[in-house]
Amino acid sequence: MRVKVTAEPFDPWFEARAYQDAAGPMAGKFGALSLFVGTMRDFNAGDQVAGMVLEHYPGMTERALENIVQEAAARWPLLDALVVHRVGEIRPGDPIVLAAVWTSHRGDAFDACRQIMEALKSKAPFWKKERLQATDERWVAENTDGYLKSE
Amino acid sequence: MSIKVRYFASLKERVGRSEENVTIAEPLTAKALWRLCVPELSPPEQTLVAINLDYADWNSLVREGDEVAFFPPVTGG
């Protein structure tokens, strides 16, 4: 299990592939990989967004991510998991977060990956400050419930 | 007794600083610590509290050497 917070742009496909290739003992054991990638949009709450800065709490953020992965591992039979989250200056189209979960069967992979993402959105200390096209900026007030349907 | 107090994101901007060290005579609650550090401002609704990198609540006790953080709802992912 691994969590990583990075100020550098990252390629989620490369990260997942490299992690899986390095996890030698897992070969032949996993039947499912569920992989979620969250990417920055160029719109939010009706406004065009030019970019944003993601702030975090070094130390607590990593600990919170580790707890979230451990809680998922206690609930589902995970073979392995990887969470990568970007901080700092971010541009529309950039990947923000990767959650990857390896299990024997798909149901556990889907459910655990979903749970990790929902817990991350509500508990991991990150804060987005958007820079709007209309030149001003604003803090995103709170995350929405991931189980609500999009409008 | 010295403790470190940190503020993040929009709360950091409202308080006007990111961190400070304060001296307290005896353990006190997070709520009392806020009143000591930011007497001019009531904590905005939904403000979260962490002590030593774990979530806590406003009635949790703060002791010598602790690091206490106040921050708004999280918006990562």
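Our subject is the structure listed above.
Reference entry: report on the structure contained in this document.

Thresholds, definitions, all that
Residues numbered from 1 in each chain as written. Chains lettered and ligands numbered in written order. Predicted model: local features only at pLDDT ≥ 70, side-chain atom pairs only at ≥ 80, totals over all residues. Helix = DSSP H or I, 4+ residues; strand = E, 2+ residues; numbered from the N terminus. Rg over C-alpha atoms; globule rule 2.2 N^0.38 Å. Contact = placed C-beta atoms within 7 Å. Pairing = 2+ DSSP bridges. Axes fitted to C-alpha atoms, helices over the stretch in contact; angles between N-to-C directions. Parallel < 35°, antiparallel > 145°, perpendicular 65-115°, else oblique. Left-handed = near helix turned anticlockwise from the far one by under 90°. Nonpolar A, V, L, I, M, F, W, Y, C, P; charged D, E, K, R; others polar. Core = buried A, V, L, I, M, F, W, Y, C linked by C-beta atoms within 7 Å. Buried ≥ 20, exposed ≤ 12 C-beta atoms within 10 Å, placed from the backbone. Arc of directions from axis to C-beta.

**Some words on the overall build of chain A**
In terms of helices and strands, chain A carries three helices and nine strands. Traced from its N-terminal end to its C-terminal end, chain A shows the element sequence β-α-β-β-β-α-β-β-β-α-β-β. Against the globule reference of 15 Å for 151 residues, chain A gives a C-alpha radius of gyration of 16 Å, in line with a compact fold. By its C-alpha atoms, chain A is 50 × 30 × 25 Å across when sized along the principal axes. Within chain A, residue pairs in contact and separated by at least 24 positions form 74% of the contacts whose partners lie at least 6 positions apart.

**Topic: the sheet that holds strand β5 (residues 54-56) of chain B**
All names here are of chain B. Pairing is mixed across the open sheet formed by five strands, whose spatial order is β2-β1-β7-β4-β5. In the strand order of this sheet, the two ends are held by β2 (19-23) and β5, each with one partner. Averaged over all pairs of adjacent strands, the angle between strand axes in this sheet comes to 30 degrees, irrespective of strand direction. Where strand β4 (residues 48-51) lies against β5, three bridges are found, and the strand directions are antiparallel. Bridge assignment links A50 to a residue of β5, and that residue is Y55.

**What to know about the packing of helix α2 (residues 60-75) of chain A against helix α3 (residues 106-123) of chain A**
Residue and element names in this part refer to chain A. Viewed as axis vectors pointing N to C, α2 and α3 meet at an angle of 150 degrees, and their least axial separation amounts to 9 Å. The orientation of α2 relative to α3 falls into the category roughly antiparallel. Crossing angle aside, the handedness with which α2 passes α3 is right-handed. Along its contact with α2, which presents A64, L65, I68, V69, E71 and A72, the element α3 presents A112, Q115, I116, A119, L120 and K123. Class assignment of the residues belonging to the contact of α2 with α3 gives a composition of nine nonpolar, one polar and two charged.

**Side note on the nonpolar core**
Residue and element names in this part refer to chain A. Of all hydrophobic cores here, the largest spans 52 residues; its most connected members are V83, V101 and I116. The element contributing the most residues to this core is strand β7 (residues 95-103), with seven residues. In this view, I116 contacts I68, V69, A72, V83, A99 and V101; residues no more than four positions away in its chain are not counted.

**Some details on helix α2 (residues 30-37) of chain B**
Residue and element names in this part refer to chain B. Taken together, the buried positions of α2 are A30, L33 and W34. The buried residues of α2 occupy an angular sector of 100 degrees when the element is viewed end-on, so they sit on one face. In this structure, the buried residues of α2 make contact with β1 (2-7), β3 (28-29), β4, β5, β6 (61-62) and β7 (67-71).

**Remarks on the environment of A:A73**
Residue and element names in this part refer to chain A. Tracing the backbone through its elements, the reader meets A73 in helix α2. Residues A73 and E142, spaced 69 residues apart in sequence, show a C-alpha to C-alpha distance of 27 Å. Beyond its immediate stretch of four places on either side in the chain, A73 contacts M1, L78 and A81.

**Points about the sheet that holds β7(A)**
All names here are of chain A. Read across the open sheet, the four strands follow the order β1-β5-β7-β2; overall the sheet is mixed. Strands at the two margins of the open sheet, each flanked by one partner only, are β1 (2-6) and β2 (32-39). Direction aside, neighbouring strands of the sheet carry axes that sit 5 degrees apart on average. Where β1 meets strand β5 (residues 78-86), five bridges bridge the pair, whose relative direction is parallel. When the sheet's bridge partners are listed, K4 is paired in β5 with V84.

**A short note on the interface of chain B and chain A**
Contacts between the two partners involve 13 residues from chain B and, on the opposite side, 24 residues from chain A. Those elements that place two or more of their residues in the side of chain B that touches chain A are α1 (9-15) and β7 of chain B. Residue composition of the side of chain B that touches chain A, by class: nine nonpolar, four polar and no charged.

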